[in-house]
Amino acid sequence: MQGSDFFFVLLGLYFHRINSTLCCEDSDFKLQGDYILGGLFQIHFALNEDTPSIHPEDLQCSRLNFLPSGYQQLQVMRFAVEEINNSTSLLPNVSLGYEIFDYCSRTQNFPAVFDLLSTNGSVPVRNTIREYHPKIISVTGPLGSTKTITIAPLLMSSFVPMVTYGATSTQLSDKIKFPSFFRTVPSDKHQVGLIVRLLRMFKWNWVAFIGGDSDYSRDALQFFSEAIPSANICLAYQGTVTRTAPEIDEMIDVIDDLQIGVIVLFAEQSDVTLFIQQAVKRNVRNKVWIASEAWSLNQQLLSSAGIDSIGTVIGITIQGLGTLPGFKEFVSRTMTRRKTQTCPSEQRVSPMETCNQLCPQCSGVTPQDIINEDPTYSFSIYSAVYAIAHSLHQALQCSVNGCSGSGPVYPYMVFEKLKKVSFTLYGHTIEFDEYGDPSPYYEIVVWDKTSPELFKKIGSYSPQTQPEFILNKNLIHWHTNGVVPVSVCSPECPVGYKKSQVGHHECCFECEACPNGTYVNYTADPSTCNKCEVDEWAEEGSSYCQKRILVYLDYTELLSIGLMLSASFLISISAAVAIVFACSFNTPVVKSAGGKMCFFMLGCLTVSCCSVFFYLGIPGREKCLLRNPVFVVFYTACLSCLAVRSFQIVCIFKMAAKLPKAYDFWVKHNGQWLTIMSCVGIQVILCAIWIGVEGPQPLNNTATYEDQIIFHCSMGNEVAFNIVIMFVGFLSIACFIFSYMGTDLPKNYNEAKSITFSLLIFFLSWISFLTAYMVHKGKYIQAINAISVLASLYGIVFGYFIPKCYIILYKPEKNTTAHFQTCIQNYTQRISSM
């Protein structure tokens with residue numbers, strides 16, 4: 001035998017005292033039978049059990065405060081036993097008896113437990129439980145988790161089945177510590193889950209949890225604290241009910257200061273009564289009270305003065321029938337008979353010799369008082385007694401004709417059958433799972449004095465494999481004129497606003513609008529503004545992102561069509577000019593314009609003009625490379641031709657006579673083409689470096705407009721690009737200088753005006769483009785770029801070639817050798833006279 005078992009045996013022998021003569025044979029506490037059931041009910045209670053004892057004393061429950069609900073629960077057990085004894089199908093020809101004790105203290109009721117475990121007045125030491133046969137085969141009760149946990153080890157060590165009707169602590173589901181424990185009420189975790197569902201349904205996230213100093217409340221608080229974070233509920237305050245009014249007042253003050261509108265009161269009836277009565281005295285109003293099953297059907301509390309002012313009470317009740325069928329008749333019959341019965345004086349028991357089976361106050365209770373008591377645990381007690389009876393029925397191998405079992409029935413046999421028992425009572429299936437727990441089922445009630453029911457059923461909850469939660473909100477008459485009360489630390493943020501937590505409670509926060517390009521996802525994280533994807537956008541205060549519009553210069557737009565027509569027209573003009581020049585190739589105008597060089601220039605202009613088409617449509621890598629680089633290279637060729645042509649005319653008229661050898665070298669080595677190819681080659685090399693380092697490439701502009709993605713081409717490496725542009729600028733300046741040097745030449749050879757006009761258009765178009773590029777970043781910047789290209793090319797065609805075509809076509813008299821010679825002679829005479 002273990003040391004702990006030996007200790008309990010000695011403790012039982014020390015405290016145990018049996019009183020075999022009780023007041024009359026019809027005592028509520030004892031009934032003879034073939035098999036005896038033990039019962040523990042709290043008929044009296046101490047206001048404060050924490051007061052230390054200064055000397056040893058025997059516990060006499062009858063001297064304490066009377067608890068009518070405990071006496072009513074005792075009557076339910078008696079009623080169930082009588083009903084079973086009268087049954088012809090359950091335990092036929094077998095009578096059940098009971099031995100009931102008043103369990104008024106959680107710390108001093110061990111003598112009652114040892115009495116139940118005794119055999120012939122003592123608790124023997126057995127080598128095996130198979131030889132242990134106490135006076136009872138099971139114990140029903142007590143009410144309350146702490147009381148149950150205190151005495152359960154005494155019963156568990158001998159595998160005496162303990163079927164409790166009101167202990168809901170999850171600790172009792174531990175089959176290693178409590179192997180022979182069963183209960184007909186669900187564990188706290190299911191009830192807490194229902195409470196959390198209610199809070200979520202009504203969007204109450206700022207709540208207080210008030211419990212008692214018991215395992216019943218502590219276990220519930222633990223599960224509540226674990227469940228509420230995922231439900232976005234904050235435990236604003238938690239407190240333990242004490243026995244002093246000042247401490248309760250302090251708790252009420254804290255609740256009011258924190259502006260808590262919902263109070264979960266998860267405590268035993270005695271604690272709840274103290275707290276509610278003090279709340280009524282303090283004039284606490286307009287609160288929502290969530291009542292646990294321990295007090296949700298407390299009729300005395302409902303009928304107390306001032307209870308209507310505290311607010312709305314929503315209660316959780318366990319599976320039950322209300323008043324059991326036949327119970328009223330049983331109470332009326334037995335209690336009336338007892339009042340007419342006279343007990344001989346020699347059968348009376350001295351109060352000093354009681355073993356907590358006396359109840360002087362019980363005689364003052366009327367049958368109607370018992371019937372009106374809280375029926376919360378009535379069905380639980382009733383089904384607990386029936387579960388034991390069915391287990392005994394199986395252990396005795398009973399049928400409708402009788403029982404065939406031979407030999408004594410030990411408690412452990414009943415325990416083995418209890419694990420497998422399954423039967424139906426009034427439509428409710430009674431069975432136990434592997435932890436000794438029943439199938440959970442709850443009903444939700446609301447206190448309503450205006451309703452005939454008083455406790456009006458508004459819903460139900462069955463947390464099975466597929467939880468079923470039903471609630472009719474319309475049946476609730478809220479204290480706030482029909483409007484659902486609000487209990488939040490901070491109101492919900494508007495759409496698109498994130499929560500910035502204030503303090504350590506997640507429910508207390510400030511609202512901040514999410515800036516442009518961000519959104520808040522309330523489901524994932526309501527306190528963070530998430531960035532939209534690259535192809536999405538969101539305005540300030542958004543809860544989602546929208547897809548950006550993809551913007552580029554499409555071929556079908558009117559502007560694009562205009563650009564293509566302009567480019568096509570320019571190509572056609574260039575082709576027409578080439579035809580005119582080819583037909584008049586040997587005329588002085590064509591020769592003075594450059595002869596073969598003109599066709600080279602027109603070809604470069606045509607190729608440059610084709611680059612305009614690459615500005616349209618979705619820009620790809622090829623289009624980006626064929627835009628500016630192509631234009632720059634071939635436009636450089638045109639500029640170099642104009643510069644060389646201007647320089648060559650100046651050389652003929654001004655440098656040939658002064659530097660004849662240089663001029664001969666220029667002509668002999670074909671200097672004009674060498675210079676042009678050199679310029680083009682340098683520009684090609686510069687463009688190759690530009691593209692090699694970082695050339696133009698497709699770029700999605702997501703920064704300019706929040707609702708658009710602009711498809712365009714980047715300029716690539718800015719240094720290389722600037723060098724390319726500088727070289728074009730150098731050629732244009734050189735061209736301008738050479739043309740300016742020939743301003744005094746004969747008109748037929750004077751290209752200054754035409755070249756200046758072309759360069760002026762070039763400068764103006766690109767200055768306009770650069771200005772627009774700095775101001776505007778939309779899709780039309782590409783169109784402006786294409787327009788600048790066309791303007792530069794149109795400037796050369798109309799400034800350089802069209803005037804010469806005009807002379808060829810409409811002034812043929814000026815396209816003769818004689819006319820050119822006359823102009824030269826006039827220029828020579830003017831120079832000589834100077």
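What counts as what
- Residues numbered from 1 in each chain as written.
- Predicted model: local features only at pLDDT ≥ 70, side-chain atom pairs only at ≥ 80, totals over all residues.
- Heavy atoms only, no water.
- Axes fitted to C-alpha atoms, helices over the stretch in contact; angles between N-to-C directions.
- Helix = DSSP H or I, 4+ residues; strand = E, 2+ residues; numbered from the N terminus.
- Parallel < 35°, antiparallel > 145°, perpendicular 65-115°, else oblique.
- Left-handed = near helix turned anticlockwise from the far one by under 90°.
- Contact = heavy atoms within 4.5 Å.
- Nonpolar A, V, L, I, M, F, W, Y, C, P; charged D, E, K, R; others polar.
- Expected span 1.5 Å × (residues − 1).
- Buried < 20%, exposed > 50% of the residue type's maximum accessible area, 1.4 Å probe, protein only.
- Disulfide = S-S within 2.5 Å.
- Phe/Tyr/Trp six-rings, centres within 6.5 Å; stacked < 30°, edge-to-face > 60°.
- Pairing = 2+ DSSP bridges.
- Right-handed = clockwise from strand over helix to strand, strands pointing away.

Caption draft 1: How the structure looks around the packing of helix H16 (residues 596-610) against helix H20 (residues 671-694). The contact between H16 and H20 brings their axes to 12 Å, and the two run at 15°. It follows from the interaxial angle that H16 and H20 lie roughly parallel. H20 is crossed by H16, and the crossing has right-handed handedness. For the pair H16 and H20, the contacting residues are Lys-596, Met-597 and Phe-600 in the first and Gln-672, Trp-673, Ile-676 and Met-677 in the second. Per-class residue counts for the contact of H16 with H20 are five nonpolar, one polar and one charged.

Caption draft 2: Layout of helix H14 (residues 558-583). Counted at 1.5 Å a residue, the expected span for H14 with its 26 residues is 38 Å, and the 37 Å between its end C-alpha atoms agrees. By the burial criterion, the buried members of H14 are Ser-560, Leu-563, Ala-567, Leu-570, Ile-573, Ser-574, Val-577, Ala-578, Val-580 and Phe-581. Where H14 is buried, its residues touch helix H15 (588-593), H16 and helix H23 (780-810).

Caption draft 3: Spotlight on the state of the cysteines. In total, this model carries nine disulfides according to the counting rule given. Between Cys-61 and Cys-104 runs a disulfide, and the two sulfur atoms are separated by 1.9 Å. In this structure the cystine formed by Cys-61 and Cys-104 twists about its S-S bond by roughly -70°; its chirality is therefore left-handed. With Cys-61 in the loop between strand E3 (44-45) and strand E4 (65-66) and Cys-104 in the loop between strand E5 (96-102) and helix H3 (110-117), this pair connects stretches of sequence that are 43 residues apart. Shown here is the disulfide that connects Cys-514 with Cys-529, its sulfur atoms set 2.1 Å apart. Judged by the sign of its S-S torsion, about -85°, the bond between Cys-514 and Cys-529 is left-handed. Placement of the pair is Cys-514 in the loop between strand E22 (509-513) and strand E23 (518-521) and Cys-529 in strand E24 (residues 525-531), with a sequence separation of 15 residues. Distance from the sulfur of Cys-679, which forms no disulfide, to the nearest cysteine sulfur (Cys-641) is 9.2 Å.

Caption draft 4: Region of interest: unusual backbone geometry. For the bond from Gly-141 to Pro-142, the omega torsion is 0°, close enough to zero to count as cis. Structurally, the position occupied by Pro-142 is in the loop between strand E6 (136-140) and helix H4 (145-156). The phi dihedral of Asn-232 is positive, around 60°, even though this residue is not glycine. Here Asn-232 lies in the loop between helix H6 (215-227) and strand E10 (234-240).

Caption draft 5: Molecular detail of the packing of aromatic side chains. Inspection of every chain in the model, using the stated rule, returns 38 aromatic pairs. With a centroid separation of 6.2 Å and 70° between ring planes, the pair formed by Tyr-165 and Tyr-377 is classed as edge-to-face. Of this pair, Tyr-165 sits in the loop between strand E7 (162-164) and strand E8 (181-183) while Tyr-377 sits in the loop between helix H11 (367-372) and helix H12 (378-395), and the two are 212 residues apart along the sequence. Taking the relative accessible area as the measure of exposure, Tyr-377 reaches 4% and is therefore buried.

Caption draft 6: Focus on the side chain of Glu-268. With respect to the secondary-structure elements, Glu-268 resides in the loop between strand E11 (262-266) and helix H8 (269-281). Judged by its relative accessible area of 17%, Glu-268 falls in the buried class. With near-sequence residues (within four places) excluded, Glu-268 lies in contact with Gly-144, Ser-145, Lys-147, Ser-214, Tyr-216 and Ala-294.

Caption draft 7: Geometry of the pairing of strand E12 (residues 287-291). Taking burial as the measure, the five residues of E12 include five buried ones, the bulk of the element. Residues Lys-287, Trp-289 and Ala-291 line one face of E12 and the alternating positions Val-288 and Ile-290 line the opposite face, and both faces are buried. The pairing of E11 with E12 spans four bridges and is classified as parallel. Paired with Val-262 across the strands is Val-288, a residue of E12. Handedness of the β-α-β unit built from E11, H8 and E12 comes out right-handed. Relative to strand E13 (residues 311-318), E12 runs parallel, the two sharing five bridges. Bridge pairing in E13 links Ala-291 to Gly-315.

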